[in-house]
Amino acid sequence: NPKAKLKFLIGASLALGIGLGVRLAYFPHLVLWAWVISLCRKQQERQADKNKRLAYPFLVLTATVFVWLAAQVSITGLSAFAGEGINFLRGHFQNWGGTLLTQPNLIHRFKELFIQDILIHGLGAGNGFLRLLLTFFIALSILFYRLKERLDFRAKFLLYWLAPYLGWVILAQNLNNPRHILLV
């Protein structure tokens, strides 16, 4: 249904725009967003649909980002806002951010992400055999469900956003803080 798909894309655009205002680290999702828009555009071209409604998700994303960005800049001023942003990025990537540059052991980062953050904090494993067993069955259930179910457009959407965000988490997030992998 084209109208339902358009509503889904507009909602996703609004959520992404707000998410970028709350946490700029969500920017890897722009890759998925652009991919989905291009898929819809190709489908629209195949159906010879000349309606320009696919511009709406772009307009919603742009307007949402503009609203929070304009509010920030009006409070701080443009040069102060840009200066704080640059200082934060320098600190995050070069000094204290827990990124691959400040903690370069990639094997340790994978262990921390998948064992500590996802299994222990995310799925509730931890000390104790029963908690570990419960986590194992939860993970196994998720895996079997994903293997058995047919992937529709929405399921593919959810799976495809994981790759760029997971790459971002491994390279540029502080894995000592589980909230940084919240969307994984």
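Quick caveat: nothing in here was measured; it's all calculated off a predicted structure.

A.B. asks: For this particular structure, what's the right way to read the overall build of the protein chain?
C.D. replies: Across its full length, the protein chain holds seven helices and zero strands. Once local pairs closer than 6 in sequence are excluded, the contacts in the protein chain between residues at least 24 apart make up 62%. Carbon together with sulfur atoms contributes 69% to the accessible area of the protein chain, which is approximately 12,300 Å² in total.

A.B. asks: I tried to follow helix α2 (residues 29-46) on my own but got confused; where do I start?
C.D. replies: Three- or four-residue spacings in an α-helix give side chains the same orientation, since the helix completes a turn every 3.6 residues. With 18 residues, α2 extends 26 Å between its outermost C-alpha atoms, agreeing within 8% with the 26 Å of an ideal straight helix rising 1.5 Å per residue. Listing the buried residues of α2 in full gives His29, Leu32, Trp33, Val36, Ile37, Cys40 and Gln44. Taken around the axis of α2, the buried residues stretch over an arc of 135 degrees, which confines them to a single face. Those residues of α2 that are exposed and angled more than 90 degrees off the buried face are Val31, Glu45 and Arg46.

A.B. asks: Please clarify how the packing of helix α3 (residues 55-76) against helix α4 (residues 78-96) should be interpreted in this entry.
C.D. replies: Helix-helix packing: each pair is described by the crossing angle between the helix axes and the interaxial distance. In contact at an axis separation of 7 Å, α3 and α4 are set at 105 degrees when each is read in the N-to-C sense. Taken together, α3 and α4 sit at an angle that is classed as roughly perpendicular. Across from Leu69, Gln72, Val73 and Thr76 in α3, the residues of α4 making contact are Leu78, Ala80 and Phe81. For the contact of α3 with α4, the per-class residue count stands at five nonpolar, two polar and no charged.

A.B. asks: Is there a simple way to think about α3 in this case?
C.D. replies: Taking 1.5 Å of rise per residue, the 22 residues of α3 would be expected to cover 32 Å, and the 31 Å separating its terminal C-alpha atoms lies within 8% of that figure. Those residues of α3 not exposed but buried are Pro57, Leu61, Thr64 and Trp68. Seen along its axis, α3 keeps its buried residues to an arc of 70 degrees; they face one direction. Of the exposed residues in α3, the ones pointing more than 90 degrees away from its buried face are Phe66 and Ser74. If you follow the buried residues of α3, they end up packed against α1 (2-22) and α2.

A.B. asks: What am I meant to see in the side chain of threonine 64 here?
C.D. replies: For threonine 64, the location among the structural elements is in helix α3. Separated by 2.7 Å, the side chain of threonine 64 and the backbone oxygen of valine 60 make a polar contact.

A.B. asks: Looking at this structure, I do not really get the packing of aromatic side chains. What am I missing?
C.D. replies: For any pair of aromatic rings, geometry is given as the distance between the ring centres together with the angle between the planes. Scanning all chains against the criterion turns up three aromatic pairs. Measuring from ring centre to ring centre gives 6.1 Å for phenylalanine 93 and tryptophan 168, while their planes differ by 65 degrees; the resulting arrangement is edge-to-face. On the criterion of sequence distance, the pair formed by phenylalanine 93 in helix α4 and tryptophan 168 in helix α7 (residues 153-172) is long-range, its members being 75 residues apart. In this structure phenylalanine 93 comes out as partly exposed when scored by relative accessible area, which is 24%. Joined through ring pairs, the aromatic side chains of Phe27, Phe93 and Trp168 make up one cluster.

A.B. asks: Mind showing me how you'd approach the environment of tryptophan 68 here?
C.D. replies: Looking at where tryptophan 68 falls in the secondary structure, it is placed in helix α3. Sequence separation of tryptophan 68 and leucine 20 is 48 residues, and the distance between their C-alpha atoms is 9.0 Å. A polar contact is formed between the side chain of tryptophan 68 and the backbone oxygen of glycine 17, at a distance of 2.9 Å.

A.B. asks: Can you walk me through the nonpolar core in this structure?
C.D. replies: In summary, soluble globular proteins display a tendency toward joint burial of nonpolar side chains. With 23 residues, the main nonpolar core has Leu9, Val36, Leu113 and Tyr165 as its most contacted residues. Among the elements of the structure, α1, α2, α3 and α7 are those that each provide at least two residues to this core. With eight residues, the single largest contributor to this core is α7.

What counts, and where the lines are drawn
- Residues numbered from 1 in each chain as written.
- Predicted model: local features only at pLDDT ≥ 70, side-chain atom pairs only at ≥ 80, totals over all residues.
- Heavy atoms only, no water.
- Helix = DSSP H or I, 4+ residues; strand = E, 2+ residues; numbered from the N terminus.
- Contact = heavy atoms within 4.5 Å.
- Areas by Shrake-Rupley, 256 points an atom, 1.4 Å probe, with all protein chains shown as cover.
- Expected span 1.5 Å × (residues − 1).
- Buried < 20%, exposed > 50% of the residue type's maximum accessible area, 1.4 Å probe, protein only.
- Arc of directions from axis to C-beta.
- Axes fitted to C-alpha atoms, helices over the stretch in contact; angles between N-to-C directions.
- Parallel < 35°, antiparallel > 145°, perpendicular 65-115°, else oblique.
- Nonpolar A, V, L, I, M, F, W, Y, C, P; charged D, E, K, R; others polar.
- Polar contact = N/O pair within 3.5 Å; in protein donor to acceptor, adjacent residues only side chain to side chain.
- Phe/Tyr/Trp six-rings, centres within 6.5 Å; stacked < 30°, edge-to-face > 60°.
- Core = buried A, V, L, I, M, F, W, Y, C linked by side-chain atoms within 4.5 Å.

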